[in-house]
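# A closer look at the structure
Listed below, chain by chain, are the residues.
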Amino acid sequence: MENGQVLHSSLYVEQIDKFAVSLKQLAKTFLKLEEKKQTFSEEEIDEMFACVREEVCEKCEKNSWCWGENYIQMYQMGYEILAAVDQYGNELDAETKRKLTQRCIMAPRFYRGMLDSFHEARQNMIWINRIARSREGCAAQLDLFADMLQNMAKNLEDSIFTDERLGKRILSQLKRKGIRVLSMHFLVNGEGKYELHLTMRTWKAEKIPVKSLAGILGNLTGRRLIPGKEGAQLIGADYTTVVFREGPSYYTMSGIARIGKGCSNISGDSFTMMDLPGGKRGVALSDGMGCGQAACRESTLVIELLEELLEAGFPEKTAIQMINTTLVCGREEIHYSTIDLTVFDLYTGECELIKAGASSTFIRRKDQIEHLTSTSLPIGVMNSLEIDSVKR
(Lines give C-alpha, C1' and ligand atoms only; values in the text may rest on other atoms or scores of the structure.)
Protein backbone atom coordinates (compact mmCIF):
# COMPACT_ATOMS: atom_id res chain seq x y z
CA MET A 1 0.00 0.00 0.00
CA GLU A 2 1.12 3.57 -0.67
CA ASN A 3 1.38 6.36 1.93
CA GLY A 4 -2.01 7.44 3.26
CA GLN A 5 -3.76 4.25 2.10
CA VAL A 6 -5.37 1.94 4.66
CA LEU A 7 -7.02 -1.46 4.09
CA HIS A 8 -10.72 -1.26 4.84
CA SER A 9 -12.64 -4.20 6.36
CA SER A 10 -16.30 -4.66 5.47
CA LEU A 11 -19.26 -6.30 7.20
CA TYR A 12 -20.37 -7.55 3.79
CA VAL A 13 -17.12 -9.51 3.45
CA GLU A 14 -17.70 -11.19 6.82
CA GLN A 15 -21.27 -12.07 5.83
CA ILE A 16 -20.12 -13.58 2.53
CA ASP A 17 -17.64 -15.76 4.42
CA LYS A 18 -20.42 -16.93 6.75
CA PHE A 19 -22.54 -17.87 3.72
CA ALA A 20 -19.62 -19.90 2.36
CA VAL A 21 -19.17 -21.81 5.62
CA SER A 22 -22.90 -22.61 5.71
CA LEU A 23 -22.85 -23.89 2.12
CA LYS A 24 -19.87 -26.15 2.87
CA GLN A 25 -21.72 -27.60 5.85
CA LEU A 26 -24.77 -28.19 3.67
CA ALA A 27 -22.60 -29.98 1.08
CA LYS A 28 -21.22 -32.28 3.81
CA THR A 29 -24.76 -33.06 4.95
CA PHE A 30 -25.74 -34.02 1.40
CA LEU A 31 -22.84 -36.48 1.21
CA LYS A 32 -23.76 -38.10 4.54
CA LEU A 33 -27.21 -39.11 3.30
CA GLU A 34 -28.02 -42.48 1.69
CA GLU A 35 -25.15 -43.75 -0.46
CA LYS A 36 -25.26 -45.56 -3.78
CA LYS A 37 -26.04 -49.30 -3.59
CA GLN A 38 -24.29 -52.15 -5.39
CA THR A 39 -26.09 -55.17 -3.89
CA PHE A 40 -29.46 -56.01 -2.34
CA SER A 41 -29.73 -55.98 1.44
CA GLU A 42 -31.06 -58.95 3.41
CA GLU A 43 -34.28 -57.03 4.09
CA GLU A 44 -34.83 -56.48 0.36
CA ILE A 45 -34.26 -60.17 -0.45
CA ASP A 46 -36.64 -61.20 2.37
CA GLU A 47 -39.22 -58.83 0.90
CA MET A 48 -38.86 -60.53 -2.52
CA PHE A 49 -39.53 -63.93 -0.93
CA ALA A 50 -42.48 -62.52 1.01
CA CYS A 51 -44.07 -61.19 -2.19
CA VAL A 52 -43.67 -64.56 -3.94
CA ARG A 53 -45.13 -66.45 -0.97
CA GLU A 54 -48.13 -64.14 -0.88
CA GLU A 55 -48.83 -64.01 -4.62
CA VAL A 56 -47.82 -67.55 -5.69
CA CYS A 57 -47.54 -69.94 -2.74
CA GLU A 58 -50.45 -68.74 -0.60
CA LYS A 59 -53.07 -71.08 -2.18
CA CYS A 60 -50.69 -73.90 -3.08
CA GLU A 61 -51.34 -77.27 -1.38
CA LYS A 62 -47.60 -77.65 -0.71
CA ASN A 63 -47.27 -74.22 0.97
CA SER A 64 -46.95 -75.45 4.54
CA TRP A 65 -44.50 -78.16 3.52
CA CYS A 66 -42.27 -75.88 1.39
CA TRP A 67 -42.18 -72.92 3.79
CA GLY A 68 -42.36 -75.02 6.94
CA GLU A 69 -39.95 -77.86 7.44
CA ASN A 70 -38.23 -77.22 4.07
CA TYR A 71 -37.98 -73.42 4.19
CA ILE A 72 -34.15 -73.57 4.13
CA GLN A 73 -34.20 -75.44 0.81
CA MET A 74 -36.77 -72.96 -0.59
CA TYR A 75 -34.61 -69.98 0.38
CA GLN A 76 -31.60 -71.68 -1.19
CA MET A 77 -33.63 -72.30 -4.36
CA GLY A 78 -34.68 -68.65 -4.43
CA TYR A 79 -31.10 -67.46 -4.02
CA GLU A 80 -30.01 -69.70 -6.90
CA ILE A 81 -32.75 -68.24 -9.11
CA LEU A 82 -31.71 -64.66 -8.26
CA ALA A 83 -28.05 -65.47 -8.94
CA ALA A 84 -28.95 -67.08 -12.27
CA VAL A 85 -31.14 -64.14 -13.33
CA ASP A 86 -28.39 -61.69 -12.38
CA GLN A 87 -25.84 -63.70 -14.42
CA TYR A 88 -27.83 -64.99 -17.41
CA GLY A 89 -30.81 -62.62 -17.63
CA ASN A 90 -34.47 -63.65 -17.80
CA GLU A 91 -33.74 -67.15 -19.14
CA LEU A 92 -32.64 -69.66 -16.49
CA ASP A 93 -29.77 -72.02 -17.14
CA ALA A 94 -30.71 -75.71 -17.58
CA GLU A 95 -29.46 -76.88 -14.16
CA THR A 96 -31.35 -74.23 -12.17
CA LYS A 97 -34.50 -74.84 -14.20
CA ARG A 98 -34.25 -78.59 -13.51
CA LYS A 99 -33.87 -78.07 -9.76
CA LEU A 100 -36.82 -75.68 -9.64
CA THR A 101 -39.07 -78.09 -11.58
CA GLN A 102 -38.23 -80.96 -9.21
CA ARG A 103 -38.84 -78.91 -6.06
CA CYS A 104 -41.91 -76.80 -6.96
CA ILE A 105 -45.19 -77.98 -8.51
CA MET A 106 -45.86 -74.37 -9.59
CA ALA A 107 -42.38 -73.81 -11.01
CA PRO A 108 -43.33 -71.45 -13.90
CA ARG A 109 -45.40 -69.16 -11.61
CA PHE A 110 -42.78 -69.26 -8.84
CA TYR A 111 -40.04 -68.31 -11.29
CA ARG A 112 -42.16 -65.53 -12.81
CA GLY A 113 -42.90 -64.17 -9.31
CA MET A 114 -39.22 -64.18 -8.36
CA LEU A 115 -38.36 -62.52 -11.67
CA ASP A 116 -40.94 -59.75 -11.16
CA SER A 117 -39.76 -59.12 -7.60
CA PHE A 118 -36.14 -59.03 -8.74
CA HIS A 119 -36.80 -56.50 -11.51
CA GLU A 120 -38.86 -54.31 -9.18
CA ALA A 121 -36.10 -54.30 -6.55
CA ARG A 122 -33.45 -53.61 -9.17
CA GLN A 123 -35.48 -50.70 -10.55
CA ASN A 124 -35.73 -49.27 -7.04
CA MET A 125 -31.95 -49.63 -6.70
CA ILE A 126 -31.45 -47.77 -10.00
CA TRP A 127 -33.62 -44.89 -8.78
CA ILE A 128 -31.86 -44.78 -5.41
CA ASN A 129 -28.47 -44.65 -7.14
CA ARG A 130 -29.70 -41.98 -9.54
CA ILE A 131 -30.89 -39.85 -6.63
CA ALA A 132 -27.60 -40.44 -4.82
CA ARG A 133 -25.66 -39.39 -7.91
CA SER A 134 -27.73 -36.22 -8.24
CA ARG A 135 -27.18 -35.52 -4.55
CA GLU A 136 -23.41 -35.92 -5.02
CA GLY A 137 -23.61 -33.49 -7.93
CA CYS A 138 -25.53 -30.96 -5.83
CA ALA A 139 -22.99 -31.33 -3.03
CA ALA A 140 -20.15 -30.75 -5.48
CA GLN A 141 -21.88 -27.63 -6.82
CA LEU A 142 -22.43 -26.27 -3.31
CA ASP A 143 -18.82 -26.97 -2.35
CA LEU A 144 -17.48 -25.26 -5.48
CA PHE A 145 -19.75 -22.28 -4.90
CA ALA A 146 -18.63 -22.07 -1.27
CA ASP A 147 -14.96 -22.12 -2.34
CA MET A 148 -15.67 -19.33 -4.79
CA LEU A 149 -17.40 -17.23 -2.10
CA GLN A 150 -14.50 -17.73 0.31
CA ASN A 151 -11.97 -16.73 -2.35
CA MET A 152 -14.08 -13.70 -3.25
CA ALA A 153 -14.38 -12.68 0.40
CA LYS A 154 -10.62 -12.97 0.89
CA ASN A 155 -9.89 -11.03 -2.29
CA LEU A 156 -12.31 -8.29 -1.28
CA GLU A 157 -10.82 -8.11 2.20
CA ASP A 158 -7.35 -7.73 0.71
CA SER A 159 -8.37 -5.25 -1.99
CA ILE A 160 -10.68 -2.64 -0.44
CA PHE A 161 -8.76 0.36 0.93
CA THR A 162 -9.30 4.02 1.82
CA ASP A 163 -7.20 7.03 0.88
CA GLU A 164 -8.61 10.23 2.38
CA ARG A 165 -6.16 12.61 0.69
CA LEU A 166 -6.67 11.11 -2.76
CA GLY A 167 -10.44 11.00 -2.19
CA LYS A 168 -10.58 14.71 -1.34
CA ARG A 169 -8.54 15.60 -4.43
CA ILE A 170 -10.85 13.54 -6.66
CA LEU A 171 -13.98 15.13 -5.16
CA SER A 172 -12.50 18.60 -5.65
CA GLN A 173 -11.54 18.01 -9.29
CA LEU A 174 -14.89 16.43 -10.21
CA LYS A 175 -16.78 19.25 -8.49
CA ARG A 176 -14.97 21.73 -10.76
CA LYS A 177 -16.23 19.67 -13.72
CA GLY A 178 -19.79 20.01 -12.45
CA ILE A 179 -20.07 16.47 -11.06
CA ARG A 180 -21.48 15.45 -7.69
CA VAL A 181 -20.13 12.19 -6.21
CA LEU A 182 -22.45 10.07 -4.04
CA SER A 183 -19.96 7.29 -3.19
CA MET A 184 -16.37 6.36 -3.97
CA HIS A 185 -14.57 3.03 -3.43
CA PHE A 186 -10.91 2.13 -4.01
CA LEU A 187 -9.79 -1.41 -4.81
CA VAL A 188 -6.43 -2.93 -5.69
CA ASN A 189 -6.01 -6.51 -6.96
CA GLY A 190 -3.27 -9.00 -6.15
CA GLU A 191 -1.05 -7.59 -8.92
CA GLY A 192 -1.36 -4.07 -7.51
CA LYS A 193 -3.71 -2.80 -10.24
CA TYR A 194 -6.20 -0.08 -9.30
CA GLU A 195 -9.98 0.01 -9.58
CA LEU A 196 -12.02 3.08 -8.75
CA HIS A 197 -15.82 2.78 -8.34
CA LEU A 198 -17.67 6.10 -8.52
CA THR A 199 -21.41 6.71 -8.20
CA MET A 200 -22.04 10.24 -9.52
CA ARG A 201 -24.23 12.64 -11.51
CA THR A 202 -23.92 16.10 -13.02
CA TRP A 203 -25.09 19.21 -11.18
CA LYS A 204 -26.89 20.50 -14.24
CA ALA A 205 -28.80 18.90 -17.10
CA GLU A 206 -25.67 18.61 -19.25
CA LYS A 207 -24.05 15.25 -20.05
CA ILE A 208 -20.34 14.61 -19.60
CA PRO A 209 -18.49 11.78 -21.41
CA VAL A 210 -16.98 9.22 -19.07
CA LYS A 211 -13.80 9.07 -21.15
CA SER A 212 -13.09 12.73 -20.38
CA LEU A 213 -12.95 11.87 -16.66
CA ALA A 214 -10.48 9.01 -17.13
CA GLY A 215 -7.61 11.40 -17.86
CA ILE A 216 -8.37 13.52 -14.76
CA LEU A 217 -8.53 10.47 -12.50
CA GLY A 218 -5.38 9.02 -14.09
CA ASN A 219 -3.42 12.21 -13.35
CA LEU A 220 -4.61 12.21 -9.74
CA THR A 221 -3.78 8.54 -9.12
CA GLY A 222 -0.63 8.46 -11.23
CA ARG A 223 -1.97 5.49 -13.21
CA ARG A 224 -3.49 5.03 -16.65
CA LEU A 225 -7.19 4.44 -15.93
CA ILE A 226 -9.85 3.50 -18.47
CA PRO A 227 -13.63 3.26 -17.95
CA GLY A 228 -15.23 -0.18 -17.93
CA LYS A 229 -17.10 -1.20 -21.07
CA GLU A 230 -20.04 -2.54 -19.08
CA GLY A 231 -20.93 0.85 -17.51
CA ALA A 232 -22.55 4.04 -18.77
CA GLN A 233 -20.61 6.14 -21.27
CA LEU A 234 -22.24 9.45 -20.31
CA ILE A 235 -22.81 11.05 -16.91
CA GLY A 236 -26.19 12.78 -16.71
CA ALA A 237 -28.65 14.10 -14.14
CA ASP A 238 -29.32 10.62 -12.66
CA TYR A 239 -26.84 8.83 -10.42
CA THR A 240 -24.88 6.13 -12.20
CA THR A 241 -21.96 3.95 -11.15
CA VAL A 242 -18.84 3.87 -13.32
CA VAL A 243 -15.82 1.62 -12.78
CA PHE A 244 -12.40 2.91 -13.80
CA ARG A 245 -9.67 0.26 -14.10
CA GLU A 246 -5.98 0.46 -14.67
CA GLY A 247 -5.38 -0.09 -18.38
CA PRO A 248 -3.61 -3.30 -19.50
CA SER A 249 -0.21 -3.39 -21.15
CA TYR A 250 -1.12 -5.96 -23.83
CA TYR A 251 -3.89 -6.67 -26.34
CA THR A 252 -4.90 -9.67 -28.44
CA MET A 253 -5.65 -10.12 -32.13
CA SER A 254 -7.98 -12.99 -33.07
CA GLY A 255 -8.96 -14.85 -36.20
CA ILE A 256 -11.08 -17.91 -36.91
CA ALA A 257 -11.67 -20.49 -39.64
CA ARG A 258 -14.40 -23.13 -39.47
CA ILE A 259 -16.07 -25.80 -41.60
CA GLY A 260 -18.65 -28.47 -40.83
CA LYS A 261 -18.13 -32.21 -41.26
CA GLY A 262 -18.27 -33.14 -44.92
CA CYS A 263 -18.28 -29.43 -45.84
CA SER A 264 -21.66 -29.04 -44.14
CA ASN A 265 -22.95 -25.55 -43.33
CA ILE A 266 -23.60 -26.63 -39.72
CA SER A 267 -20.60 -27.29 -37.50
CA GLY A 268 -20.68 -29.20 -34.22
CA ASP A 269 -18.11 -26.78 -32.80
CA SER A 270 -18.96 -23.50 -31.08
CA PHE A 271 -16.62 -20.77 -29.89
CA THR A 272 -16.56 -17.43 -28.10
CA MET A 273 -14.18 -14.56 -27.46
CA MET A 274 -14.89 -12.44 -24.40
CA ASP A 275 -13.48 -9.80 -22.08
CA LEU A 276 -13.20 -11.10 -18.52
CA PRO A 277 -12.90 -9.32 -15.16
CA GLY A 278 -9.43 -8.48 -13.93
CA GLY A 279 -7.97 -7.39 -17.27
CA LYS A 280 -8.26 -10.79 -18.91
CA ARG A 281 -9.33 -11.97 -22.35
CA GLY A 282 -10.87 -15.40 -22.88
CA VAL A 283 -11.15 -17.59 -25.98
CA ALA A 284 -13.17 -20.82 -25.72
CA LEU A 285 -13.93 -23.66 -28.13
CA SER A 286 -16.36 -26.54 -27.53
CA ASP A 287 -16.91 -29.66 -29.64
CA GLY A 288 -20.30 -31.32 -29.08
CA MET A 289 -20.85 -35.09 -29.22
CA GLY A 290 -21.59 -36.31 -32.75
CA CYS A 291 -22.03 -33.96 -35.68
CA GLY A 292 -24.55 -31.62 -37.26
CA GLN A 293 -27.37 -29.86 -35.41
CA ALA A 294 -27.31 -32.11 -32.32
CA ALA A 295 -23.60 -31.50 -31.76
CA CYS A 296 -24.09 -27.79 -32.44
CA ARG A 297 -26.82 -27.57 -29.78
CA GLU A 298 -24.60 -29.31 -27.22
CA SER A 299 -21.54 -27.15 -27.83
CA THR A 300 -23.64 -23.95 -27.98
CA LEU A 301 -25.17 -24.78 -24.60
CA VAL A 302 -21.72 -25.29 -23.07
CA ILE A 303 -20.33 -22.06 -24.54
CA GLU A 304 -23.35 -20.01 -23.39
CA LEU A 305 -23.06 -21.37 -19.84
CA LEU A 306 -19.32 -20.74 -19.84
CA GLU A 307 -19.83 -17.14 -20.98
CA GLU A 308 -22.39 -16.49 -18.24
CA LEU A 309 -20.18 -17.87 -15.47
CA LEU A 310 -16.87 -16.36 -16.57
CA GLU A 311 -18.29 -12.90 -17.23
CA ALA A 312 -19.89 -13.02 -13.78
CA GLY A 313 -16.43 -13.53 -12.29
CA PHE A 314 -16.37 -17.28 -11.58
CA PRO A 315 -12.86 -18.81 -11.64
CA GLU A 316 -12.26 -20.69 -14.89
CA LYS A 317 -11.89 -24.19 -13.44
CA THR A 318 -14.82 -23.68 -11.06
CA ALA A 319 -17.01 -22.66 -13.99
CA ILE A 320 -16.07 -25.78 -15.96
CA GLN A 321 -16.69 -28.03 -12.95
CA MET A 322 -20.13 -26.50 -12.40
CA ILE A 323 -21.09 -26.96 -16.06
CA ASN A 324 -19.89 -30.57 -15.90
CA THR A 325 -22.04 -31.30 -12.83
CA THR A 326 -25.04 -29.66 -14.48
CA LEU A 327 -24.73 -31.84 -17.58
CA VAL A 328 -24.15 -35.06 -15.61
CA CYS A 329 -27.01 -34.61 -13.12
CA GLY A 330 -29.55 -33.07 -15.45
CA ARG A 331 -29.82 -35.88 -18.01
CA GLU A 332 -30.68 -39.54 -18.33
CA GLU A 333 -28.23 -40.20 -21.18
CA ILE A 334 -24.59 -39.17 -21.50
CA HIS A 335 -24.04 -36.15 -23.77
CA TYR A 336 -20.46 -35.01 -23.57
CA SER A 337 -18.71 -31.95 -24.95
CA THR A 338 -15.11 -30.83 -24.92
CA ILE A 339 -13.87 -27.49 -23.62
CA ASP A 340 -10.70 -25.79 -24.84
CA LEU A 341 -10.26 -22.49 -22.97
CA THR A 342 -7.40 -20.01 -23.18
CA VAL A 343 -7.27 -17.05 -20.80
CA PHE A 344 -4.87 -14.19 -21.57
CA ASP A 345 -3.73 -11.91 -18.74
CA LEU A 346 -3.37 -8.55 -20.49
CA TYR A 347 -1.43 -7.10 -17.54
CA THR A 348 1.34 -9.71 -17.34
CA GLY A 349 1.31 -11.14 -20.87
CA GLU A 350 0.79 -14.69 -19.58
CA CYS A 351 -1.84 -17.11 -20.81
CA GLU A 352 -3.40 -20.19 -19.23
CA LEU A 353 -4.60 -23.06 -21.42
CA ILE A 354 -7.35 -25.17 -19.82
CA LYS A 355 -8.58 -28.38 -21.43
CA ALA A 356 -11.34 -30.88 -20.72
CA GLY A 357 -11.17 -33.61 -23.37
CA ALA A 358 -10.00 -31.11 -25.98
CA SER A 359 -7.65 -31.85 -28.86
CA SER A 360 -4.07 -30.59 -29.17
CA THR A 361 -3.00 -26.96 -29.17
CA PHE A 362 -0.02 -25.67 -31.12
CA ILE A 363 1.82 -22.53 -29.96
CA ARG A 364 4.03 -20.87 -32.52
CA ARG A 365 6.92 -18.61 -31.48
CA LYS A 366 9.07 -17.34 -34.33
CA ASP A 367 10.79 -20.51 -35.57
CA GLN A 368 9.53 -22.81 -32.76
CA ILE A 369 6.27 -24.75 -32.37
CA GLU A 370 5.11 -26.16 -29.02
CA HIS A 371 2.63 -29.05 -28.94
CA LEU A 372 0.23 -29.21 -25.94
CA THR A 373 -2.02 -32.25 -25.36
CA SER A 374 -4.73 -33.25 -22.88
CA THR A 375 -5.56 -36.60 -21.28
CA SER A 376 -8.69 -35.46 -19.40
CA LEU A 377 -12.26 -36.58 -20.15
CA PRO A 378 -14.85 -34.29 -21.76
CA ILE A 379 -17.48 -32.70 -19.55
CA GLY A 380 -20.82 -34.45 -19.05
CA VAL A 381 -19.37 -37.95 -18.48
CA MET A 382 -18.57 -38.22 -14.75
CA ASN A 383 -19.30 -36.15 -11.63
CA SER A 384 -15.61 -35.96 -10.79
CA LEU A 385 -13.66 -34.19 -13.52
CA GLU A 386 -9.91 -33.73 -13.86
CA ILE A 387 -9.01 -30.57 -15.77
CA ASP A 388 -5.66 -30.13 -17.49
CA SER A 389 -4.11 -26.68 -17.41
CA VAL A 390 -0.77 -25.13 -18.24
CA LYS A 391 0.55 -21.55 -18.17
CA ARG A 392 2.81 -19.98 -20.75
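Now for a look at the structure at hand. (Residues numbered from 1 in each chain as written. Predicted model: local features only at pLDDT ≥ 70, side-chain atom pairs only at ≥ 80, totals over all residues. Heavy atoms only, no water.)

### Topic: a nonpolar patch on the surface
Inclusion rule: Patch membership needs two things, relative accessible area over 30% and no salt bridge, and members are linked within 9 Å if like-charged or within 5 Å if nonpolar (Val, Leu, Ile, Met, Phe, Trp, Tyr). Exposure was quantified through the Shrake-Rupley algorithm and a 1.4 Å probe, taking into account, for residues, occlusion by the shown protein chains and nothing else. One speaks of a salt bridge when a side-chain nitrogen belonging to Lys or Arg is within 4 Å of a carboxyl oxygen belonging to Asp or Glu. Between buried and exposed lies partly exposed: a residue is buried under 20% and exposed over 50% of the maximum accessible area for its type, with that area taken using a 1.4 Å probe on protein chains only.
Together, Ile256, Phe271 and Leu285 make up a nonpolar patch on the protein surface, roughly 260 Å² of accessible area in all. By relative accessible area, which is 53% here, Ile256 ends up exposed.

### Observations concerning the packing of helix H4 (residues 71-88) against helix H5 (residues 94-103)
Where we set the bar: The convention used is that axes are lines fitted to C-alpha atoms, helices contributing only their stretch in contact, and that angles between N-to-C directions extend from 0 to 180 degrees. A run of H or I in DSSP counts as a helix once it spans at least four residues, and a run of E counts as a strand once it spans at least two, with each numbered from the N terminus. What sets the label is the angle itself: under 35 degrees gives roughly parallel, over 145 gives roughly antiparallel, 65 to 115 gives roughly perpendicular, and the rest give oblique. Left-handed describes a crossing in which the near helix is turned anticlockwise from the far one by less than a right angle; the clockwise case is right-handed. Here, residues are in contact when the closest pair of their heavy atoms is within 4.5 Å. All amino acids are sorted into three groups, where Ala, Val, Leu, Ile, Met, Phe, Trp, Tyr, Cys and Pro are nonpolar, Asp, Glu, Lys and Arg are charged, and the leftover types, Gly among them, are polar.
Two elements in contact, H4 and H5, have axes separated by 10 Å at closest approach and are oriented at 150 degrees. Overall, the two elements H4 and H5 adopt an arrangement that is roughly antiparallel. H4 and H5 meet at a crossing whose hand is left-handed. When H4 is examined against H5, the residues Gln73, Met74, Met77, Glu80, Ile81 and Ala84 are found in contact with a partner set consisting of Thr96, Lys99, Leu100 and Arg103. When grouped by side-chain class, the residues that make up the contact of H4 with H5 number 5 nonpolar, 2 polar and 3 charged.

### Regarding the packing of helix H9 (residues 292-311) against helix H10 (residues 316-329)
A pair of packed helices can be characterised by two numbers: the angle between their axes and the separation between those axes. Across the interface, H9 lies against H10 with an axial gap of 10 Å and an inter-helix angle of 135 degrees. In terms of orientation, H9 and H10 fall into the oblique class. The crossing of H9 and H10 is right-handed. Every residue of H10 that contacts H9 at Leu301, Val302, Leu305, Leu306, Leu309 and Leu310 is listed here: Glu316, Ala319, Ile320, Met322, Ile323 and Leu327. The residue makeup of the contact of H9 with H10, split by class, is 11 nonpolar, no polar and 1 charged.

### Description of the nonpolar core
Cut-off, in case you're wondering: Residues belong to a common nonpolar core when they are buried Ala, Val, Leu, Ile, Met, Phe, Trp, Tyr or Cys residues joined through side-chain atoms within 4.5 Å.
With 33 residues, the main nonpolar core has Leu306, Leu310, Ile320, Ile339, Leu341 and Ile379 as its most contacted residues. The set of elements that each furnish at least two residues to this core consists of helix H1 (11-32), helix H6 (107-159), strand E9 (269-276), H9, H10, strand E11 (339-345) and strand E12 (351-356). Here the element with the most residues in this core is H6; it accounts for 7 residues. Residues in contact with Ile320, not counting those within four places in the same chain, are Leu306, Ile339, Leu341, Ile354, Ile379, Leu385 and Ile387.

### Some thoughts on the sheet that holds E9
Applicable threshold: At least two DSSP bridges between two strands are required for those strands to pair.
Strand order in the open sheet formed by 5 strands is E9-E10-E11-E12-E15, with antiparallel pairing between adjacent strands. Every interior strand has two partners, whereas the edge strands, E9 and strand E15 (388-391), have only one. The sheet shows a mean angle of 10 degrees between the axes of neighbouring strands, taken without regard to direction. Packing against the sheet, H9 makes contact with E9, strand E10 (280-287) and E11, and its axis sits at approximately 10 degrees to E9. Contacts between H10 and the sheet are confined to E9, E10, E11, E12 and E15, with E11 contributing the most and set at about 160 degrees to the helix.

### Focus: the environment of Gly89
Mapping Gly89 onto the fold places it in the loop between H4 and H5. Along the backbone, Gly89 and Leu115 are 26 residues apart, and their C-alpha atoms lie at a distance of 9.6 Å.

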